[in-house]
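Take a look at the letters that make up each chain.
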Amino acid sequence: MTQLSGLLSVYIDSIMLVIGLYMAFVQSNNLIRVDHMDREGRFSKVVGWIYIIVGILGFIITSI
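Okay, so let's go over this structure.

Cut-offs used in this document
- Residue positions are counted from 1 within each chain, in the order its sequence is given.
- For this predicted model, a pLDDT threshold of at least 70 governs which residues receive local features, and a threshold of 80 or more governs which side-chain atom pairs are given and counted, while totals over whole chains, interfaces and linings are taken from all residues.
- Values shown for side chains rest on all heavy atoms present in the structure; no hydrogens or waters enter the calculation.
- Only DSSP runs of H or I with at least four residues qualify as helices, and only runs of E with at least two residues qualify as strands; both kinds are numbered from the N terminus onward.
- Each residue's exposure class comes from its accessible area (1.4 Å probe, protein chains only) as a fraction of the maximum for that residue type: buried when under 20%, exposed when over 50%, partly exposed otherwise.
- Only heavy atoms matter for contacts: two residues are in contact if any of them lie within 4.5 Å across the pair.
- In these tables, accessible area is a Shrake-Rupley quantity obtained with a 1.4 Å probe, and a residue counts as shielded only by the protein chains included in the view.
- We score Asp and Glu as negative and Lys and Arg as positive, and we do not count His or the chain ends.
- Here, a salt bridge means any Lys or Arg side-chain nitrogen found within 4 Å of an Asp or Glu carboxyl oxygen.
- By the criterion applied in these results, polar contacts are pairs of N or O atoms within 3.5 Å in which, for protein atoms, one can donate a hydrogen and the other can accept it, and in which residues neighboring in sequence qualify only through two side-chain atoms.
- To estimate how far a helix should extend, the number of its residues minus one is multiplied by 1.5 Å.
- Geometry of aromatic contacts follows a simple scheme: Phe, Tyr and Trp rings, the Trp one being its six-membered ring, pair when their centres are within 6.5 Å, and the pair is stacked under 30 degrees between planes, edge-to-face over 60, tilted otherwise.

1. Comments concerning the overall build of the protein chain
Moving on, step 1. Along its length, the protein chain carries two helices and zero strands.
Moving on, step 2. Among the 64 residues that make up the protein chain, the fraction classed as buried is 20%.
Moving on, step 3. If you take every contact in the protein chain between residues at least 6 apart in sequence, the share linking residues at least 24 apart comes to 62%.
Moving on, step 4. Total accessible area on the protein chain is roughly 4,900 Å²; 72% of this is exposed by carbon and sulfur atoms.

So, in structure tokens, the structure goes:
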């Protein structure tokens, strides 16, 4: 049971990291440069970085 919970948490952390990378680098740039939505682009970048930080912290907590 512990191994199953460990695997699921690694997958969840990986998905959070990928979502954060997408939001911080791809989506925010598209909103700012293509759609000319500066405020939404900055918000997307901040939320993306929060996802990245939480994903990395999840990996650290899982490995301990």
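Structure shown, so let's carry the discussion forward.
2. Some points on the side chain of Asp13
Moving on, step 1. As for its position among the elements, Asp13 is in helix H1 (residues 2-34).
Moving on, step 2. For the buried Asp13, no salt bridge is present, and the opposite-charge side chain at shortest range is Lys45, 23 Å distant.
Moving on, step 3. A distance of 3.4 Å separates polar atoms of two side chains, one belonging to Asp13 and the other to Thr62.

3. Comments concerning helix H2 (residues 38-63)
Moving on, step 1. End to end, H2 covers 38 Å across 26 residues, agreeing with the expected 38 Å (1.5 Å per residue, within 8%).
Moving on, step 2. Among all positions of H2, only Gly41, Ser44, Val47, Gly48, Ile52, Gly55 and Gly58 are buried.

4. A look at the packing of aromatic side chains
Moving on, step 1. Throughout the structure, instances matching the rule amount to one aromatic pair.
Moving on, step 2. Ring centres of Phe25 and Trp49 lie 5.7 Å apart, and the angle between their planes is 75°; on these two criteria the pair is classed as edge-to-face. Of this pair, Phe25 sits in helix H1 while Trp49 sits in helix H2; the two residues are 24 residues apart in sequence, bridging distant segments of the chain.
Moving on, step 3. When its relative accessible area of 43% is taken as the criterion, Phe25 is described as partly exposed.
Moving on, step 4. On the basis of relative accessible area, Trp49 is assigned to the partly exposed category, the value being 39%.

5. Let's talk about the side chain of Ser44
Moving on, step 1. Here Ser44 lies in helix H2.
Moving on, step 2. In terms of polar contacts, Ser44 uses its side chain to reach the backbone carbonyl oxygen of Met23, at 3.3 Å.
Moving on, step 3. The residues touching Ser44, leaving out its near neighbours within four places in the chain, are Met23, Ala24, Gln27, Ser28 and Leu31.

6. Things to note about unusual backbone geometry
Moving on, step 1. Even without being a glycine, His36 presents a positive backbone phi close to 55°.
Moving on, step 2. Assignment of secondary structure puts His36 in the loop between H1 and H2.

7. Description of the environment of Asp13
Moving on, step 1. Taking relative accessible area as the criterion, Asp13 reaches 8% and is therefore assigned buried.
Moving on, step 2. For the pair Asp13 and Gly58, spaced 45 residues apart in the sequence, the C-alpha separation amounts to 5.9 Å.
Moving on, step 3. In contact with Asp13, other than residues within four places in its own chain, are Gly55, Gly58, Phe59 and Thr62.

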